[in-house]
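In case you want the letters, here they are:
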Amino acid sequence: MLQQVTGEIRTVSHLLHPPLLDEVGLESALRWYVEGFAERSKVSVNLELPEDLERLPQECELTLFRVVQECLTNIHRHSGSSTATVRISRNDTEAKLEVKDDGRGMSQKRQMEIYSGESSGVGLRGMRERVRQIGGRLGIQSSAIGTSITVVLPLAAKTRTANESR
Ligand SMILES: Nc1ncnc2c1ncn2[C@@H]1O[C@H](COP(=O)(O)OP(=O)(O)OP(=O)(O)O)[C@@H](O)[C@H]1O
Ligand SMILES: [Mg+2]
């Protein structure tokens, strides 16, 4: 029982707070998070990071970290997939993230509900809003053989204000 409780406390603290992020940067924080997630969930995660990722603006790093957390949690809870891929790439103007699984996917109807804000879950909707607030886009591609969530964030361009992105 003690082991189970300790495990749960670790899970909750992982989900609530990325303490390493500001200090060590997205790359190390992701490696640490993904390792813990894979251990807890038994989903085997393939993390693909570019050699030249370097540090991104704080808001971008936090957003990407949060999206990875939400997507991996969704994969564990909803997809039935035993594998996942997290892939990041960047150039001077954009950072791109893809989180992919080989699970059961979600119906067209469910995807429409998420896009229109009618979905009961707040995870993907909240992530989409968060990405939009810093001028990026979040896309969902899903079929019976898996789901892919993509995020593109501008790096150099002006960040849109919450009002402009509505
Ligand atoms: N990787 C996935 N594979 C299959 N279905 C998914 C996947 N990710 C999300 N879904 C479906 O999309 C719905 C919406 O996801 P979302 O993250 O917005 O909400 P949630 O996970 O149900 O709840 P919350 O995130 O608020 O705790 C899920 O309920 C699930 O049906
Ligand atoms: Mg969710």
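Here, every reference points to the structure presented above.
Residues numbered from 1 in each chain as written. Chains lettered and ligands numbered in written order. Predicted model: local features only at pLDDT ≥ 70, side-chain atom pairs only at ≥ 80, totals over all residues. Heavy atoms only, no water.

(A) How the structure looks around the overall build of the chain. Scanning the chain from terminus to terminus reveals 6 helices and 5 strands. Secondary structure elements in the chain, listed N-terminal to C-terminal, are α-α-α-β-α-β-β-α-α-β-β. Looking at the chain as a whole, 42% of its 166 residues qualify as buried. Excluding contacts between residues fewer than 6 apart, the proportion of contacts in the chain whose partners are at least 24 apart in sequence is 66%. Split by element, the accessible area of the chain, about 9700 Å² in all, is 51% carbon and sulfur. (Helix = DSSP H or I, 4+ residues; strand = E, 2+ residues; numbered from the N terminus. Buried < 20%, exposed > 50% of the residue type's maximum accessible area, 1.4 Å probe, protein only. Contact = heavy atoms within 4.5 Å. Areas by Shrake-Rupley, 256 points an atom, 1.4 Å probe, with all protein chains shown as cover.)

(B) Structural context of the packing of helix α4 (residues 58-79) against helix α6 (residues 123-133). Where α4 meets α6, the axes come as close as 10 Å, and the angle between the chain directions of the two elements is 165°. In terms of orientation, α4 lies roughly antiparallel with respect to α6. Once α4 is placed against α6, the crossing between them reads as left-handed. Listed contacts from α6 to L62, T63, R66, V67, E70 and N74 of α4 are G123, L124, M127, R130 and V131. Looking at the contact of α4 with α6 residue by residue, the classes come out as 5 nonpolar, 3 polar and 3 charged. (Axes fitted to C-alpha atoms, helices over the stretch in contact; angles between N-to-C directions. Parallel < 35°, antiparallel > 145°, perpendicular 65-115°, else oblique. Left-handed = near helix turned anticlockwise from the far one by under 90°. Nonpolar A, V, L, I, M, F, W, Y, C, P; charged D, E, K, R; others polar.)

(C) View of the nonpolar core. By size, the foremost hydrophobic cluster in this structure holds 38 residues, and its most contacted members are L72 and L97. Contributing elements (two or more residues each) for this core: α3 (26-41), β1 (44-48), α4, β2 (83-90), β3 (94-101), α6, β4 (137-143) and β5 (146-154). Looking at which element gives the most residues to this core, the answer is α4, with 8 residues. Beyond its immediate stretch of four places on either side in the chain, L97 contacts L64, V67, V68, V86, R87, I88, I149, T150 and V151. (Core = buried A, V, L, I, M, F, W, Y, C linked by side-chain atoms within 4.5 Å.)

(D) Quick peek at the site of ligand 1. Taken together, the neighbourhood of ligand 1 is formed by 16 residues, with E70, N74, H78, R110 and V122 sitting nearest. In this structure, an oxygen atom belonging to ligand 1 sits 2.7 Å away from a side-chain N or O atom of H78. Measuring from an oxygen atom of ligand 1, one finds a backbone N or O atom of V122 at 2.8 Å. Within the complex, the protein chains bury 84% of what would otherwise be the 600 Å² of accessible surface of ligand 1. With 6 residues, α4 is the single largest residue contributor to the shell around ligand 1. Among the residues making up the shell around ligand 1, the classes are represented as 5 nonpolar, 7 polar and 4 charged. (Near = heavy atom within 4 Å. Polar contact = N/O pair within 3.5 Å; in protein donor to acceptor, adjacent residues only side chain to side chain.)

(E) Representation of the sheet that holds β3. Read from one edge of the open sheet, 5 strands run β1-β2-β3-β5-β4, paired in mixed fashion. Edge positions in the sheet fall to β1 and β4, since each of these pairs with one other strand and no more. In this sheet, adjacent strand axes meet at a mean angle of 10° when their direction is disregarded. Alignment of β2 against β3, held across 7 bridges, turns out to be antiparallel. Opposite A84, over in β3, you have D101 as the bridge partner. Where α6 meets the sheet, its contacts fall on β4 and β5, and the angle it forms with β4 comes to roughly 145°. (Pairing = 2+ DSSP bridges.)

None of this, on its own, says anything about what the molecule does.
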